[in-house]
Amino acid sequence: MSTYQEVRRNLGEALKKAPKPFRKYRNFADEVWTGGSLDPKTKEIIAVAVTHVTKCSYCVDYHTKKAKEAGASVEELVEAAVLSASIQANPLLDDEENSRVFSSKSAGEFFTYPITEDCFHLDRKTKILIGLSISYALNNRYSISLFREQAVIQSINEEEIKETSSIASALLAGAAIRHIDEVLLAYGE
């Protein structure tokens, strides 16, 4: 496995080998992280949660550091990661019929936590935005619908909702781009 520094160096090399396609990704990613209506702290908290979907350790590192720089606490980041785990592991968010069946009280509490009022370190709005972004990353239509409904209840505007989709897309693409490092290593460069 490559170190953080090796990945950064190899991605720089990838840029030199195929600058035009790589630049298309960078332009998109730069727009996601610098534009929009969400503040940098919220974007990075969402990013940390979604990187647990993409399973990109480099991305977890990078966005955890960016979140810390933006003022996020470790408690907020851990809560975001637990939300991610709850949404990903929840077989009950697959369809409406299954959403009423839980194997135990503790399973029910864990799997409904993302949509309940329980907020520990994150506010309700951030929880919903995390839920939307993770749902987009998982391409779970039922879950997207559920979190969009919660967004309407919380008066989250359409621009913020769309931004969660862009964050998920940038992280999915970034996780794939990150593996260019492994292509270069396997190729022997």
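Scroll up a little and you will see the structure.
These figures come from a predicted structure and were not determined experimentally.

### Some points on the overall build of the protein
A tally of regular secondary structure across the protein gives ten helices and zero strands. Tracing the protein from N to C terminus, the helices and strands come up as α-α-α-α-α-α-α-α-α-α. Relative to all contacts within the protein whose residues are 6 or more apart in sequence, the contacts with residues 24 or more apart total 72%. Counting only carbon and sulfur atoms, one obtains 55% of the accessible surface of the protein, whose full area is about 10,100 Å².

### Observations regarding the side chain of Ser-84
By secondary structure assignment, the location of Ser-84 is in helix H5 (residues 74-89). With relative accessibility at 0%, the residue Ser-84 sits in the buried group.

### Describing unusual backbone geometry
If you check the backbone angles, Lys-55 has positive phi at about 60 degrees while not being a glycine. With respect to the element layout, Lys-55 can be found in the loop between helix H3 (40-54) and helix H4 (57-69). One non-glycine residue with positive phi stands out, namely Asn-139, at about 55 degrees. Note on placement: Asn-139 falls in the loop between helix H7 (124-138) and helix H8 (141-153).

### Quick word on the pattern of salt bridges
Taken as a whole and judged by the stated rule, the model has six salt bridges. For the salt bridge of Lys-43 with Glu-163, the shortest nitrogen-to-oxygen distance reads 3.2 Å. Here Lys-43 is found in helix H3, whereas its partner Glu-163 is found in helix H9 (residues 158-178), with 120 residues between them in sequence. Across this residue pair, the class does not change: Lys-43 and Glu-163 are buried. Among the salt bridges present, the one from Glu-160 reaches Lys-125, with a minimum N-O distance of 2.7 Å. Residue Glu-160 is found in helix H9, and its partner Lys-125 is found in helix H7; the two are separated by 35 residues along the sequence. Here the salt bridges share partners, and the residues they tie into one network are Arg-23, Arg-26 and Asp-30.

Parameters at a glance
- Residues numbered from 1 in each chain as written.
- Predicted model: local features only at pLDDT ≥ 70, side-chain atom pairs only at ≥ 80, totals over all residues.
- Heavy atoms only, no water.
- Helix = DSSP H or I, 4+ residues; strand = E, 2+ residues; numbered from the N terminus.
- Contact = heavy atoms within 4.5 Å.
- Areas by Shrake-Rupley, 256 points an atom, 1.4 Å probe, with all protein chains shown as cover.
- Buried < 20%, exposed > 50% of the residue type's maximum accessible area, 1.4 Å probe, protein only.
- Salt bridge = Lys/Arg side-chain N within 4 Å of Asp/Glu carboxyl O.

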